[in-house]
Each structure stands twice: as C-alpha cells, then as structure tokens.
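Structure assessment
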Amino acid sequence: MATAPFSDDGIGIANLPNQRHKIVAKRGAHFTVMVVGESGLGKTTLINTLFSTELSPTKNYTKRHQKQLDKLTEVEIIKAELEEKQFKTKLTVIDTPGFGDYVNNRDSWTPIVDFIDDQHEAYMRQEQQPQRIDKIDLRVHACLYFIRPTGHTLKPLDIEIMKRLGTRVNLIPVIAKADTLTQNDLFTFKQRIRQVIQAQGIRIYQPPIESDDEVSADHARVLSEAMPFSIIGSTEDVTTLDGRVVKGREYLWGVAEVENENHCDFRKLRSLLIRTYMLDLISTTEDLHYENYRQAQMETRKFGEQKPRKFENPKFKEEEEALRKRFTEQVKAEEARFRQWEQHLIAERDRLNKDLELAHSAIKALEAELDNLQVGYRSTNRR
C-alpha cells in the first residue's frame, strides 16, 4: 500500500527511508569487483555465474605460451549494465590476466596494487576540481582472490599479494574449483588457510554484525566462518539423478551443483557480494579504504600537488637488468682486449729498446775501432 502524500501520522521523519529508496532506485548503483588469481582457475566462469550472464567470453589458454616473453600482469576492464525488477546496476569487472603464470613472479602484484591506488588517486583529484558533477569512479569495492585447490596451504605469492590487497580493498578469498577436493580435504585446506591468514595478519573483509538484528547477525557469523569460500562455477544446465535441471558440472560419479550448499559455498558468496552486503562493501570502500588513502596522501602532499610517479614496472626492471648485464659484459670484453693490446705494446717496446741498446753497443764498438785506427795511423806518420 502506498503512503498518502499528506498523512497525519507523526511529523514524517519515518518516511525518510522511503524517500531514500526512491532516490537510489532512480539513480541505480555502481559496483566494481576485481578478480585476481592464476589463469585457469575459473575467474571468468564464476563472474558469469554470479551475475547470470556472459559478461566475458571464456578465455583460450592453448596459446598462453606465446605470452611468456611479456611476463607482465595486465589489467582488463569489463563494463556492463544489469537490470533486475526495474533496478539498474552498472557493473565493472577488473580482470588481471598474467598474474602468477610465470616461473619468476617477482613484483607481479605491482600492476594490481598500482591500479587500486591509481583509482583512489583519480577520484581524489576529481574531488579537488571546481566541477564535480560527472566524476568517474572505478574504485574497487571488492576483490575476489582465487586460491588454487592444492590441498596444502597458501603459497608465498598468495601471502605477499593478499597482505598488500587487504590494506587497500575489501579482500574476499575463495578456493577455486572446489569440486576437485574431497569434503575432508576441503575442510582441512580451509583450516590451514585461516591459520595462515591469522598468523600473517592478512586483513580480509568481515560482514558487519548488527547487535539489534539477531537474524542478520547470525547470517553474518555464518558467512565469516565459511571463509575462504569454496566455489564451483558453471553456466551450463545439467540434469541430476533425480531429474532436476541445475547449474553445475557433470561427472561420472554424479553432478556437482553450483547452488547446493552441501557441494560448495557459492550461495554464501553471492549473499555476501550481492544480495546482502553489496552496500556495505561500497560504503566500506568509501569510508575506510579511500579515506585511509586520502589521509595518507594529504599528510605528505600539498593540496593539488601531483602524485610522484613510480617507474618500477617489472617488465622495465627486467629489461634494465638485462641491458646492465650486457653492458657489463661488453665493458669486461673491452677491458680484456685493452689489456691484451697493452701487453703487446709493452712487449714491442721492450723489443725496440733491446734493439736500440744493441745498436748503441755496435756504434760504440765502431767508434772504439775508429779511434784505434786513428791512433795507429798517427804513430806510423811520425816514424
């Protein structure tokens, strides 16, 4: 039932939520999610499953070896507009192909971290302008970090990037392709990951627990205890043994259902990311992560001053090291050639000096012989 425009029930403050609802419904929402993880873990498939549409085509990894020379983590931006029950949401998906795909993954997280910081920087710069109506906002509201289902624990690369991401964005760890592990192995794997996260001080997103709403608080606790979420992604319809048509993956032993909580935590992740806490993710990005960045920058920079750029791209650093190594080798080769040439000059100098000494000795001998002849000639004349 619609509320009458002129009502005598109170002064009308209670209608503010209804007014806010109308404004939000008219304006729509904007949500940015980043997916980080090695290639082949189902990042694209999960995003398509979450939003029930093909936002991005499945990638072909058969020619992945051709990009090994680049050794650079890329950043791809995918934009879409979703509509459900006449409510529109502008969705932005940030993909990071190339991360963790090489033998040497040193500094492979740098483009990802720089992208997050650059979005905060760009938004802060726009807020300092006189005209702030059409602001472009690509600040990341949630980051899904995909963990390879090894069954052991987090790798050093996982720990390093999760530490850096946790202080900049709402970090949500997920175990990819959970249907490759048994329930016991998955339970043990989750426990080990939680222990490493706690021991390393990695900050992950925790849904707020509302003390005045017991149902919401219990739901938040369930989601927190389920982290890291075990995920199965699939956009294909399969038929179960009992005749149901569901989203899942079909195997010889049966069907792994995407939305079956006994099989994976997909529904929990969707509740955290979209259905229940999307607004909290957005507000946490605005009030916590962006404000932390803004405060840190304002303490070290003057108003309107440009941020100093860091030219520490991993690709450029490797090229610089290769050039430096080649230059050093060339210098060593030139020094060796110069020493050889110097030794040759010294040997030639010693030979010429010896020849000169022999010539001097010969001249002196001839001079002595000439003197003797002159003395003998004079003695003969006197007689």
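For the structure itself, look to the data block above.
Presented here is a report on the structure given in the accompanying data block. This one's a predicted model, so the numbers in the text were calculated from it and none came from an experiment.

Turning our eyes to something else, we now look at the pairing of strand β8 (residues 245-251). Summarising the sheet, strand β7 (residues 237-239) and β8 pair through three bridges and their orientation is antiparallel. If you follow V238 over to β8, its bridge partner there is V246. Taking the residues that link successive antiparallel strands as the turn, the β7-β8 hairpin has five residues, and the phi of G243 there is positive, at about 90°. One ladder, built from four bridges, connects β8 with strand β9 (residues 254-257); its direction is antiparallel. Residue E250 lies in a different strand from β9, and its bridge partner there is V255. Connecting the antiparallel pair β8 and β9 is a turn made up of two residues.

A cluster of nonpolar side chains, namely I11, I13 and L16, defines an oily patch on the protein surface of about 350 Å² accessible area. Secondary-structure assignment places L16 in helix α1 (residues 16-27).

The next subject is the packing of aromatic side chains. A full pass over the atoms with the stated rule returns four aromatic pairs. Measuring from ring centre to ring centre gives 5.3 Å for Y123 and Y290, while their planes differ by 85°; the resulting arrangement is edge-to-face. Residue Y123 is located in helix α3 (residues 110-127), and its partner Y290 is located in helix α8 (residues 278-300); the two are separated by 167 residues in the primary sequence. Between Y251 and W253, the ring centres sit 5.1 Å apart and the planes meet at 5°, which makes this aromatic pair stacked. Since its relative accessible area comes to 59%, W253 is described here as exposed. Over the face of the ring belonging to Y123 we find R139, whose NZ or CZ atom lies 3.7 Å from the ring centre.

For the structure on display, the rule yields 21 salt bridges. Note that E335 is salt-bridged to R339, the shortest N-O span being 3.8 Å. With E335 and R339 both in helix α9 (residues 314-382) and four residues apart, this pair spans about one turn of that helix. What makes E335 partly exposed here is its relative accessible area of 37%. Salt bridges sharing partners connect three or more residues here, namely K190, E261, D265 and K268.

Strand order in the open sheet formed by six strands is β2-β3-β1-β4-β5-β6, with mixed pairing between adjacent strands. Strand pairing shows two members of the sheet lacking a second neighbour, β2 (76-84) and β6 (229-230), which therefore form its edges. With five bridges connecting them, strand β4 (residues 142-147) and strand β5 (residues 171-175) associate as parallel partners. Within β5, the position partnered with L144 by the bridge is I172. Along the sheet, helix α5 (residues 183-200) contacts β4, β5 and β6; its crossing angle with β5, the most-contacted strand, is approximately 150°.

Our next topic: helix α4 (residues 156-166). Taken together, the buried positions of α4 are occupied by L157, D158, I159, I161, M162, L165 and G166. The secondary structure elements touched by the buried residues of α4 are β1 (29-36), α3, β4, β5, α5 and α8.

Moving on to the environment of D237. Examined against the element boundaries, D237 turns out to sit in strand β7. Among the residues examined, D237 registers a relative accessible area of 52% and is labelled exposed. Once the C-alpha coordinates of D237 and G248 are considered, the two residues, eleven residues apart in sequence, prove to be 6.5 Å apart. Look past the residues within four positions of D237 in its chain and what remains in contact with it is V245, V246 and K247. Among the polar contacts listed, one links the side chain of D237 to the side chain of K247, at a separation of 3.1 Å.

Time to look at the environment of L171. Among the secondary structure elements, L171 is positioned in strand β5. Residue classification places L171 among the buried positions, given a relative accessible area of 1%. With sequence-adjacent residues up to four places away left out, L171 is seen in contact with C143, Y145, M162, L165, G166, I202, R203, I204 and Y205.

Now for the sheet that holds β9. With respect to topology, three strands assemble into an open sheet ordered β7-β8-β9, the strand pairing being antiparallel. The outermost strands of the open sheet, each flanked by one partner alone, are β7 and β9. Shown here is a sheet whose adjacent strand axes are inclined to one another by a mean of 65°, direction ignored.

Another point: unusual backbone geometry. Of note, the bond from M227 into P228 is cis; its omega dihedral lies within 30 degrees of zero at -5°. Of note, P228 is situated in the loop between α6 (214-226) and β6. At K85, a position not held by glycine, the phi torsion is positive, near 55°. Inspection of the secondary structure puts K85 in the loop between β2 and β3 (87-95). With a phi angle near 50°, K177 is a residue other than glycine that sits in the positive phi range.

Here we take up helix α7 (residues 266-275). Along α7, seven of the ten residues are buried, which leaves the element largely enclosed by surrounding structure. Inspection of α7 places F266, K268, L269, R270, S271, L272 and L273 among the buried residues, and these make up the whole buried set.

Criteria and cut-off values
The residue numbering used here restarts from 1 in each chain and proceeds along that chain's sequence as written. A pLDDT threshold of at least 70 governs which residues receive local features in this predicted model, and a stricter bar of 80 or more applies before side-chain atom pairs are shown or counted, although totals over entire chains, interfaces and linings include all residues. Side-chain numbers here rest on the full set of heavy atoms in the structure, without hydrogens or water. Only strands joined by at least two bridges in the DSSP assignment are considered to pair. Helical segments are the DSSP runs of H or I of at least four residues, strand segments are the runs of E of at least two, and each set is numbered from the N terminus. Note that patches include only residues with greater than 30% relative accessible area and no salt bridge, and the join distances are 9 Å for like charges and 5 Å for nonpolar side chains (Val, Leu, Ile, Met, Phe, Trp, Tyr). Computed with a 1.4 Å probe, the accessible areas rest on the Shrake-Rupley method; for each residue, only the protein chains presented here act as cover. A carboxyl oxygen of Asp or Glu within 4 Å of a side-chain nitrogen of Lys or Arg is what we treat as a salt bridge. Between the rings of Phe, Tyr and Trp (Trp by its six-membered ring), a pair exists once the centres lie within 6.5 Å; its type follows the angle of the planes, with under 30 degrees stacked, over 60 edge-to-face, and the other angles tilted. Exposure is judged per residue with a 1.4 Å probe applied to protein chains only, and the accessible area is read against the type maximum: over 50% gives exposed, under 20% gives buried, and values in between give partly exposed. The criterion for a charge sitting over a ring is simple: Lys NZ or Arg CZ within 6 Å of the ring centre, and within 35 degrees of the ring normal. The criterion used for residue contact is that any of the two residues' heavy atoms lie within 4.5 Å. Axis geometry follows a simple rule: fit a line to the C-alpha atoms, using only the stretch in contact for helices, then measure angles between N-to-C directions, giving values from 0 to 180 degrees. The definition of a polar contact used here is a pair of N or O atoms within 3.5 Å, where within protein one atom must be able to donate a hydrogen and the other to accept one, and adjacent residues in sequence count solely through side-chain atom pairs.

That is the geometry; function is a separate question.
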